[in-house]
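Read off the chains here:
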There are 2 protein chains.
Amino acid sequence: MRVVITGAFGFLGHRLTGTLLRTRTFRGAPITRLVLADRIVQPDSPAAKDPLVDIVHGDLIDRLDDLFAEPVDVLFHLAAAVSAECEADFDLGMSSNVDTTRALLDAARAQSTAGGPKPRVVFASSLAVYGSSPELPLPEVVSESSLPVPRTSYGTQKLICEHLIADYTRRGFLDGRVARLMTVAVRPGRPNAAASGFLSGIIREPLAGLPATCPVRPDLRVALASPRRTVKGLLRVAEAERGGLRGRALVNLPALTVSVTDMLATLRQVAGDAVADLVTITPDPAIEAIVGSWPALFDNGRAAGLGLEPDPSFLAVVQDYLADHPDAVPGPS
Amino acid sequence: MRVVITGAFGFLGHRLTGTLLRTRTFRGAPITRLVLADRIVQPDSPAAKDPLVDIVHGDLIDRLDDLFAEPVDVLFHLAAAVSAECEADFDLGMSSNVDTTRALLDAARAQSTAGGPKPRVVFASSLAVYGSSPELPLPEVVSESSLPVPRTSYGTQKLICEHLIADYTRRGFLDGRVARLMTVAVRPGRPNAAASGFLSGIIREPLAGLPATCPVRPDLRVALASPRRTVKGLLRVAEAERGGLRGRALVNLPALTVSVTDMLATLRQVAGDAVADLVTITPDPAIEAIVGSWPALFDNGRAAGLGLEPDPSFLAVVQDYLADHPDAVPGPS
């Protein structure tokens, strides 16, 4: 079982790698090689040094031959340009998110049509495929049956890839599955160019003793999932029997709905007033337009059918973050 | 006002050309040049010899510089590989339907971002963006709010282009509009590689004294529009005020719902038993799978808001065909 992860040194890729290196199996079969592909790699990380691991370093589009040098059984395609990047640079988004994905799908197809195994391809899509606008509001509760009308280039690009994957799957070129990710919070590390990045920043930065800016009105509700639940969801969608996916290999990962006000109240509850007061509300219309167009409330029924549940509360999300990142809060000086 | 039509020597392109050469205006403004682009042209046709007309002959992807040599005000993009072709040759469909459309959109974008006019781009999409399957049936009545889950590569490719056009429009690169065409019948001429071609053939061929095969069960219901109504719909979507499109420049053209049984009964009524008996029912699972996955019953409300109504009856469709094509029925020998 040769498993490839693109974007493997990104935040979710790193966690997924960790999980697979602990179990060393996929659907009960031993993983014989785990290929970690990324533009930026950490060659000295424990994962990179694991004897099961091969590293493929560089732009995906240039390294397809390496990824498919041996048959690929499972491909987790996590690499992407993120939302605010794609709004700022249209061509970057089209190239990174559409052209690269299509090239990967074509490489998978070339493998199966040449008589090799039919790769299982797991695509990390996004709630950003949905968009709300005054003329065309989303339903109050969104499900996989809701009509996606993206309001960002990022969401458009993810949706295009979803349709490609469905067609490549229907034609028998590969076994594609789509997991639509909610906003993942609380992320560790530095802010990225995702429009939703502040939803981690307003918790992570104050906990670390740093000021943070919230660029949206606090009553905005958002659909979140912890990193733990997100990686679990990706794996569950990957491992599911095709029949269990009921004719459409597409799942909205389960969402916890919270308002920014709730999030800040949780921060105050966990860390006290001095920490919570490090957050300043300074609306940024560009960010608000993107994040505000996304749905906040999901029918999690299809995910529940796969045994996936949302985080029970935002308090639990913050507690997970603190448990997973013991250095998130500076020690007494 | 420089107007470009791709696929201009195809069946619909030819009719659209005829209409524009009669009115010689678009939204009340004079058409100064009408550019007819196609892979196959009829240089001796009256349209080709009209002093308003320029011909661009060849594969679109190679002739973009010619199309955009002068500013394009309106672009009707009708050229496409058709449904059965795209099922038979996946790469052809992706190249003709996705890559070529994207290249056209990028050329339009280059024009507007260089300070030229923002082209109005009218894209001929298809009811094939919708697909029904046992696991995921379509609603009984389909509207623009219904979830498109294509069951063909052709439908997937059209849907991808719709999303690209929406995003290019949202970003201000162009003014895109999508008209989803119903199955157009009765078409004149020879059968093409569209899976729906028989829906013209079972009327056209017997009227001409020729045998015809119906490859689906006769109780199958289909959503049709006459060539007249289809061209009228394309023009109406093209000429509509952006505000009249209510936030989403996408319209399902109005559909007349009929069963194949109804169609054959109409043929019998118009032309008699000897003609109707020229049709043989011989189901073809490949054709039935494609055409049977398409919706048959549409909520035509959005089209009605633009003043577009479906054909009143299949009898009227056949009568239009006979009026438009006096040579459709052989004279007494």
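Here the structure is a predicted model, which is why all the values come from computation and not from measurement. (Residues numbered from 1 in each chain as written. Chains lettered and ligands numbered in written order. Predicted model: local features only at pLDDT ≥ 70, side-chain atom pairs only at ≥ 80, totals over all residues.)

Rotating chain A by 180 degrees and translating it 0.0 Å along the rotation axis places it on chain B, where the RMSD comes to 0.0 Å. What the rotation and shift describe, once combined, is the action of a two-fold rotation axis. A symmetric contact is evident, with 100% of the interface residues of chain A recurring at the interface of chain B. (Least-squares fit on C-alpha atoms with pLDDT ≥ 70 in both. Contact = placed C-beta atoms within 7 Å.)

For the rest of this paragraph, the subject is the sheet that holds strand β11 (residues 221–225) of chain B. Note: strands within a sheet are paired through backbone hydrogen bonds, in either parallel or antiparallel orientation. Residue and element names in this part refer to chain B. The strand order across the open sheet formed by 3 strands is β9-β11-β13, and the pairing between neighbours is mixed. Pairing within the sheet leaves two strands with one partner each, and these edge strands are β9 (183–184) and β13 (256–259). Of the pairings in the sheet, the one linking β9 to β11 comprises 2 bridges and is parallel in character. Looking at β11, one finds that threonine 183 is bridged to leucine 224. (Pairing = 2+ DSSP bridges. Helix = DSSP H or I, 4+ residues; strand = E, 2+ residues; numbered from the N terminus.)

Another point: the packing of helix α1 (residues 11–23) of chain B against helix α8 (residues 227–239) of chain B. Packed helices, taken two at a time, are described by the angle between their axes plus the distance between the axes. Residue and element names in this part refer to chain B. For the pair α1 and α8, the least separation of the axes is 10 Å and the interaxial angle reads 65 degrees. Put simply, α1 runs roughly perpendicular to α8. The way α1 lies across α8 gives a crossing that is right-handed. Each of Leu12, Arg15, Leu16 and Thr19 in α1 lies in contact with α8, whose residues at this interface are Pro227, Thr230, Val231, Leu234 and Leu235. Of the residues belonging to the contact of α1 with α8, the class tally is 6 nonpolar, 2 polar and 1 charged. (Axes fitted to C-alpha atoms, helices over the stretch in contact; angles between N-to-C directions. Parallel < 35°, antiparallel > 145°, perpendicular 65-115°, else oblique. Left-handed = near helix turned anticlockwise from the far one by under 90°. Nonpolar A, V, L, I, M, F, W, Y, C, P; charged D, E, K, R; others polar.)

All names here are of chain A. You can read the domains of chain A as domain 1 (2–184 + 225–252) and domain 2 (195–221 + 256–297 + 309–324). For domain 1 and domain 2, the distance between their C-alpha centres works out to 26 Å. With 20 residues of domain 1 at the contact, the number on the domain 2 side is 13 residues. If you list the elements that add at least two residues to the side of domain 1 that touches domain 2, you get α4 (83–88) and α8 (227–239). (Domains from an automatic or database assignment.)

Another aspect to go through is the nonpolar core. Among the nonpolar cores identified, the biggest contains 203 residues, and A:Leu224, A:Leu234 and B:Leu224 are the most heavily contacted of them. Non-local contacts of B:Leu224, meaning those with residues more than four positions away in its chain, are made with B:Met182, B:Thr183, B:Ala185, B:Leu199, B:Ala255, B:Leu256, B:Val258 and B:Val317. (Core = buried A, V, L, I, M, F, W, Y, C linked by C-beta atoms within 7 Å. Buried ≥ 20, exposed ≤ 12 C-beta atoms within 10 Å, placed from the backbone.)

In this section: the confidence of the model for chain A. On average, residues of chain A score 95 in pLDDT, and 99% of them reach the 70 mark or higher. Per the prediction output, this complex has pTM 0.96; the corresponding ipTM is 0.95. (pLDDT = per-residue confidence, 0-100.)

This part is about the interface of chain A and chain B. Residue-level contacts link 17 residues of chain A with 17 residues of chain B. The greatest single-element share of the side of chain A that touches chain B, amounting to 6 residues, is contributed by helix α6 (residues 153–170) of chain A.

Here we come to helix α6 (residues 153–170) of chain B. Side chains three or four residues apart in an α-helix point the same way, a direct result of the helix having 3.6 residues per turn. All names here are of chain B. Its 18 residues place the ends of α6 26 Å apart at the C-alpha level, agreeing with the 26 Å of an ideal helix rising 1.5 Å per residue. Of all 18 residues making up α6, 17 are buried, and the element is well covered by its neighbours. Of the residues trailing α6, glycine 172 is marked for its positive phi of about 85 degrees. (Expected span 1.5 Å × (residues − 1).)

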